[in-house]
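Architecture and fold: a report
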Amino acid sequence: MTRVFDEDLSAGFGTRAIHAGQRPEPLAGAIMTPVYLTSTYVQDALGEHKGYEYARGKNPTREAFERNVAALEGGIHGFAFASGMGCLDSIMKLFRAGDHIICAENVYGGTFRLFDRILQHFGLAFTYVDTRDAQRVADAVRPNTRAILVETPTNPLMRITDLSAVASIARKAGALFIVDNTFASPYFQRPFAFGADLVYHSTTKYLNGHSDMIGGIAVVTDDELAAKLQFIQNAAGAVPGPFDAWLALRGTKTLHLRMRQHDANGRRIAEWLVEQVGPERVYYAGLPTHPQHDLAKRQMTGFGGMISVELDTRERAAHLLGRVKVFSLAESLGGVESLISHPASMTHASVPPEIRARLGITEGLVRLSCGVEEVDDLLADLERGFDAMPRAKGASSTREAVAAD
Ligand SMILES: *Cc1c(COP(=O)(O)O)cnc(C)c1O
């Protein structure tokens, strides 16, 4: 089982990011973990092997990455998967028909799609709850509730869930508390410190950070839970290839540096957007005007580069999306380059329109993944995007458009 090396847990974050989980390669002493491109391992004799039998079960490159992220999260065991969704699908194999799962209503669109369109048909029951209010989570608990799953901050509306409060509800209910930590990354939020049982990521995003692979990882602290996940990882086989594991491991080495810059750029851009459209139309947990800013500050040490902005109409959203040049129009997030997207028609198109409307994912909502470029270039780009912005009905300027409703 891929357990962190004990010494990896004591160093500071940036040191762990660079070194945890890795040892010089034994043949030549290569400082970088090789890409172990192999499907199988030669055994010394019948029943005698080096701990590696077949590469679905174990691969040294993958193990280094698993240890590394487990150490960053303050966990003990890591399990890498071929995608964030493959990871979540494997996590859900911990449960069985008849089990009930409470899920935050504002989760990643693909998470909702997996539950609603596939896993529901396998006898799992889901209740979607606005987890900003922990009492609603407590009220949704049933005798057969086996898990509570949240994402905080949420995508794209940056809603915050009180991790400690939900952890204690889960503990009382005997349910597993699962946290999708993709948005914050372990640099800014470590859910185990607040009572989570299982933390997972789309490593496609901040952990890899370079928009050049797809992957997922689950981290746990409990040995028994780890044994179950290891069994599922090997039995169901949604594993990443060694090259993707290597890319992601290279990515995590700079996680702390990138996150600091994402955060610095995110704060500046959020403040600039507030000047354009007013604080109530900018979703960023780092703004003192964010309704849950105090809670965010209690459980996060920074807020990263994800911002959403409400522009009121699809026409105005399209104006911005069509004019920016440094921000690229694309799904995904968390890479070094800045991206801009339209959640209603892109990432959240699979969420039924009536649910989108209830969640506040409107036609005028635009999501920014602020990269680590020079912030002045990003601001100039957005300036260009807001230039000659069509007016909202009945208004004479952008600002008045905001005041008008
Ligand atoms: C992207 C994403 C996922 C899905 O991960 P993939 O690697 O795309 O399969 C899950 N949760 C969140 C928050 C994400 O942003």
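Residues numbered from 1 in each chain as written. Predicted model: local features only at pLDDT ≥ 70, side-chain atom pairs only at ≥ 80, totals over all residues. Heavy atoms only, no water.

**A short note on the layout of surface pockets**
Each pocket or cavity is described by its volume, and for the largest pocket that value is around 370 Å³. Lining the largest pocket are 18 residues, and of these Arg23, Pro26, Tyr36, Tyr52 and Pro60 lie nearest its centre. In this structure, the second largest pocket encloses a volume near 300 Å³. Around the second largest pocket sit 22 residues that line it, and Gly84, Met85, Tyr108, Ser202 and Lys205 are the ones nearest its centre. Put simply, the parts of the chain that give the lining of the second largest pocket at least two residues each are helix H3 (84-92) and strand S6 (198-202). The class makeup of the residues in the lining of the second largest pocket is seven nonpolar, ten polar and five charged. (1 Å grid on protein atoms, 1.4 Å probe; cavity = no way out; pocket = protein on both sides within 12 Å on 5 of 7 lines; lining within 4 Å. Points joined across faces, edges and corners; volume = space filled by probe spheres on them. Helix = DSSP H or I, 4+ residues; strand = E, 2+ residues; numbered from the N terminus. Nonpolar A, V, L, I, M, F, W, Y, C, P; charged D, E, K, R; others polar.)

**As for the confidence of the model for the protein**
For the protein, the mean per-residue pLDDT works out to 95, and 97% of the residues sit at or above 70. By mean pLDDT, the top-scoring element of the protein is S6 (99), and the lowest-scoring one is helix H15 (residues 398-404) (42). Note on residues 396-405: pLDDT is under 50 here. Beyond four places in sequence and across chains, it has 16 contacts. (pLDDT = per-residue confidence, 0-100. Contact = heavy atoms within 4.5 Å.)

**Description of the site of the ligand**
Around the ligand there are 14 residues in total, and Gly84, Asp180, Ser202, Thr204 and Lys205 lie nearest to it. Gly84 has a polar backbone atom sitting 2.9 Å from an oxygen atom of the ligand. Asp180 places a polar side-chain atom, nitrogen or oxygen, 2.7 Å from a nitrogen atom of the ligand. Here the ligand loses 94% of its free accessible area of 380 Å² to cover by the protein chains. (Near = heavy atom within 4 Å. Polar contact = N/O pair within 3.5 Å; in protein donor to acceptor, adjacent residues only side chain to side chain. Areas by Shrake-Rupley, 256 points an atom, 1.4 Å probe, with all protein chains shown as cover.)

**Focus on helix H2 (residues 60-73)**
Look at H2: 20 Å from first C-alpha to last across 14 residues, which is about the 20 Å you get at 1.5 Å a residue. Of all 14 residues in H2, 14 are buried, a share of seventy percent or more. You can read the cap of H2 off the contacts: a side-chain oxygen lies 2.8 Å from the backbone nitrogen of Thr61, and it is on Asn59. (Expected span 1.5 Å × (residues − 1). Buried < 20%, exposed > 50% of the residue type's maximum accessible area, 1.4 Å probe, protein only.)

**Overview of the pairing of strand S4 (residues 145-151)**
Counting buried positions along S4 yields six of seven residues, so the element is predominantly enclosed. Here strand S2 (residues 100-104) runs beside S4; their pairing, made up of four bridges, is parallel. Paired with Ile102 across the bridge in S4 is Ile148. Note: S4 against strand S5 (residues 176-180), five bridges, orientation parallel. Its bridge partner being in S5, Glu151 is matched across the sheet by Asp180. (Pairing = 2+ DSSP bridges.)

**Things to note about the packing of H3 against helix H4 (residues 109-118)**
Between H3 and H4, the least distance of the axes is 11 Å, while the angle of their chain directions is 40 degrees. What the angle tells us is that H3 and H4 run oblique. The handedness of the crossing between H3 and H4 comes out as right-handed. Only Gly110, Thr111, Leu114 and Phe115 of H4 make contact with H3, whose side of the interface consists of Met85, Leu88, Asp89 and Met92. (Axes fitted to C-alpha atoms, helices over the stretch in contact; angles between N-to-C directions. Parallel < 35°, antiparallel > 145°, perpendicular 65-115°, else oblique. Left-handed = near helix turned anticlockwise from the far one by under 90°.)

**Concerning the environment of Ser341**
Along the polypeptide, Ser341 turns up in strand S11 (residues 339-341). A residue is classified by how much of its surface remains accessible, and Ser341, at 1% relative accessible area, is buried. Separated by 28 residues in sequence, Ser341 and Ser369 have C-alpha atoms that sit 8.4 Å apart.

**Structural notes on the pattern of salt bridges**
Tallied over the entire structure, the rule returns 18 salt bridges. Arg268 is paired through a salt bridge with Asp376; the nearest N and O atoms lie 3.5 Å apart. With a gap of 108 residues between them, Arg268 in helix H10 (residues 255-277) and Asp376 in helix H14 (residues 375-386) connect regions that are remote in the sequence. Note on Arg268: relative accessible area 40%, which makes it partly exposed. Residues participating in the shared-partner salt-bridge network are Glu105, Arg159 and Arg358. (Salt bridge = Lys/Arg side-chain N within 4 Å of Asp/Glu carboxyl O.)

**Digging into empty space enclosed by the protein**
Under the counting rule described, the total for this entry stands at three cavities of 30 Å³ or more. Considering only enclosed or pocket space, the largest cavity measures out at about 70 Å³ in volume. Taken together, Pro153, Met158, Phe183, Ala184, Tyr206, Tyr284, Ala285, Met300, Phe303, Gly304, Gly305 and Met306 make up the full set of residues lining the largest cavity. In the lining of the largest cavity, the residues fall into ten nonpolar, two polar and no charged.

**Regarding the sheet that holds S4**
Each strand in a sheet pairs with another by means of backbone hydrogen bonds, the pair being arranged parallel or else antiparallel. Strand order in the open sheet formed by seven strands is S1-S7-S6-S5-S4-S2-S3, and the pairing between neighbours is mixed. In the strand order of this sheet, the two ends are held by strand S1 (77-81) and strand S3 (125-129), each with one partner. Within this sheet the neighbouring strands show an average axis-to-axis angle of 20 degrees, counted without direction. The pairing of S2 with S3 spans five bridges and is classified as parallel. The partner of Cys103 across the bridge, within S3, is Tyr128. Against the sheet, helix H8 (residues 223-236) contacts S1, S5, S6 and strand S7 (216-220), and its axis sits at roughly 20 degrees relative to S1.

**A word on the domain arrangement of the protein**
Assigned domains within the protein: domain 1 (6-252) and domain 2 (255-403). Relative placement of domain 1 and domain 2: their C-alpha centres are 28 Å apart. Across the boundary between the two partners, domain 1 contributes 41 residues, which contact 44 residues of domain 2. When domain 1 packs against domain 2, the two sides together hide about 3400 Å² of surface, and 62% of this comes from carbon and sulfur. The closest approach of N and O atoms between Arg358 and Glu105, which form a salt bridge, is 2.8 Å. At the surface where domain 1 touches domain 2, the tally comes to 19 residue pairs in polar contact (both at pLDDT 80 or more). Residue assignment for the side of domain 1 that touches domain 2 shows that the elements contributing at least two residues are helix H1 (13-19), H4, helix H7 (185-188) and helix H9 (242-252). (Domains from an automatic or database assignment. Buried area = accessible area lost by both parts, 1.4 Å probe.)

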